[in-house]
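A look at the structure
If you want the building blocks of each chain, they are given just below.
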Amino acid sequence: MADKRCENGHFIDESWDLCPYCPADSGESEIPIVRPSRFGGQEKRSGIEDRRATDPEPRRPVGVPPPVAPTPRRADTAPAPATPMERTVAAQKIDAASAAQQSAAARYVVGWLVGLSGALRGESFPVRIGRNVLGRDGRSDIVINDDQVSAHHADLVFRPEERRFILMDHNSTNGTYVNEGEIEPRRDLVNRDIVRIGSHRFLFVPLCSEDFYWDGEGVLQ
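Keep in mind that this is a model prediction, so the values were computed, not measured. (Residues numbered from 1 in each chain as written. Predicted model: local features only at pLDDT ≥ 70, side-chain atom pairs only at ≥ 80, totals over all residues. Heavy atoms only, no water.)

1. Details of the overall build of the chain
Per the secondary structure count, the chain includes 1 helix and 13 strands. Buried residues in the chain amount to 24% of all 221 residues. Long-range contacts, defined here as pairs at least 24 residues apart, represent 32% of the contacts in the chain between residues at least 6 apart. For the chain, the exposed area adds up to about 17900 Å²; of that, 50% sits on carbon and sulfur atoms. (Helix = DSSP H or I, 4+ residues; strand = E, 2+ residues; numbered from the N terminus. Buried < 20%, exposed > 50% of the residue type's maximum accessible area, 1.4 Å probe, protein only. Contact = heavy atoms within 4.5 Å. Areas by Shrake-Rupley, 256 points an atom, 1.4 Å probe, with all protein chains shown as cover.)

2. Some remarks on the packing of aromatic side chains
Counting across every chain of the model gives 5 aromatic pairs. Residues Y108 and W214 carry aromatic rings whose centres are separated by 4.6 Å and whose planes lie at 35° to one another, so their mutual orientation is tilted. Taken together, the residues span a long stretch of sequence, with Y108 in the loop between α1 (96-106) and β3 (109-115) and W214 in the segment after β13 (200-206) at a distance of 106 residues. An aromatic cluster is built from F158, F165, F204 and Y213, whose rings are joined through pairwise contacts. Here the guanidinium or amino end of R163 rests over the ring plane of Y213, the centre of that ring lying 3.9 Å away. (Phe/Tyr/Trp six-rings, centres within 6.5 Å; stacked < 30°, edge-to-face > 60°. Lys NZ or Arg CZ within 6 Å of the ring centre and 35° of its normal.)

3. Concerning the side chain of D169
With respect to the secondary-structure elements, D169 resides in strand β8 (residues 164-169). No salt bridge is formed by the buried D169; the nearest opposite charge belongs to R186, separated by 11 Å. A polar side-chain atom of D169 sits 3.2 Å from the main-chain amide nitrogen of N171. A polar atom in the side chain of D169 sits 2.6 Å from the side chain of T176. Look past the residues within four positions of D169 in its chain and what remains in contact with it is H153, A154, G175, T176, I183 and P185. (Lys, Arg positive; Asp, Glu negative; His and termini not counted. Salt bridge = Lys/Arg side-chain N within 4 Å of Asp/Glu carboxyl O. Polar contact = N/O pair within 3.5 Å; in protein donor to acceptor, adjacent residues only side chain to side chain.)

4. A look at the nonpolar core
Burial of nonpolar side chains together is a common tendency in soluble globular proteins. Membership of the largest hydrophobic core comes to 25 residues, with the highest contact counts inside it found for V110, L113, L167 and L189. Looking at this core, the elements that each hand over two or more residues are β3, β4 (124-128), β7 (154-159), β8, β12 (194-197) and β13. No other element matches β7, which puts 3 residues into this core. Discounting chain neighbours no more than four positions away, the residues touching L167 are A154, D155, L156, T176, V178, I183, P185, R186, R187, L189 and V195. (Core = buried A, V, L, I, M, F, W, Y, C linked by side-chain atoms within 4.5 Å.)

5. Focus: the environment of H153
Following the sequence through the fold, H153 ends up in the loop between β6 (142-143) and β7. Among the residues examined, H153 registers a relative accessible area of 0% and is labelled buried. Once the C-alpha coordinates of H153 and I197 are considered, the two residues, 44 residues apart in sequence, prove to be 8.0 Å apart. Apart from the residues lying within four places of it in its own chain, the contact partners of H153 are L134, G135, Q148, D169, H170, S172, G175, T176 and I197. In this structure the side chain of H153 is engaged in a polar contact, spanning 2.9 Å, whose partner is the backbone oxygen of G175. A distance of 3.3 Å separates a polar atom in the side chain of H153 from a polar atom in the side chain of T176.

6. Quick word on the confidence of the model for the chain
When pLDDT is averaged across the chain, the result is 77; 60% of the residues are at 70 or more. Taken together, the stretch residues 39-48 has pLDDT below 50 and engages in 4 contacts with residues farther than four places along the chain or on a different chain. (pLDDT = per-residue confidence, 0-100.)

As structure tokens, then:
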């Protein structure tokens, strides 16, 4: 601790002759004050310490590579589905020509309906073995475009075992007529009967009868 005082009462070191805290006289030259430094008395030129020559260079940041997805093991991979075994099934060969002939033989023409009025006048419509649908629906066997005709108006059926033509009304709105008489609900047709459906009239002309019919090979007997 300093035990020496200057003229103005400031405590100073015993080795100092001048007080650094007292204002300097205008006639006296300014005396630089030198304080001891930590490194052998050398003065610092700046407030930042010089880096030692022996200090290692700072490491530069190195980019980290992105993580690589691990390769799945064979045990984790789903097994491929087994290929089903092919089986050979023996099928009976069907002659396409004979099948077509049998189908055509089952639907031989057995009569006609000939239009007598309206847009269908003079047109003939074949009547085949089995059931023949008459109506406004485009899928009918005999299509009649008339607002007074139901979509499925009537059925004209030929029964080969009885050699009969039967006309049946299919719950139509305006009814089905034969020779201007309404059928309830069915009636057998004979040659030259007049069938009226809606506003259209048709002449019934049969081909097959008791004495005239297709045999098993499609030959008229």
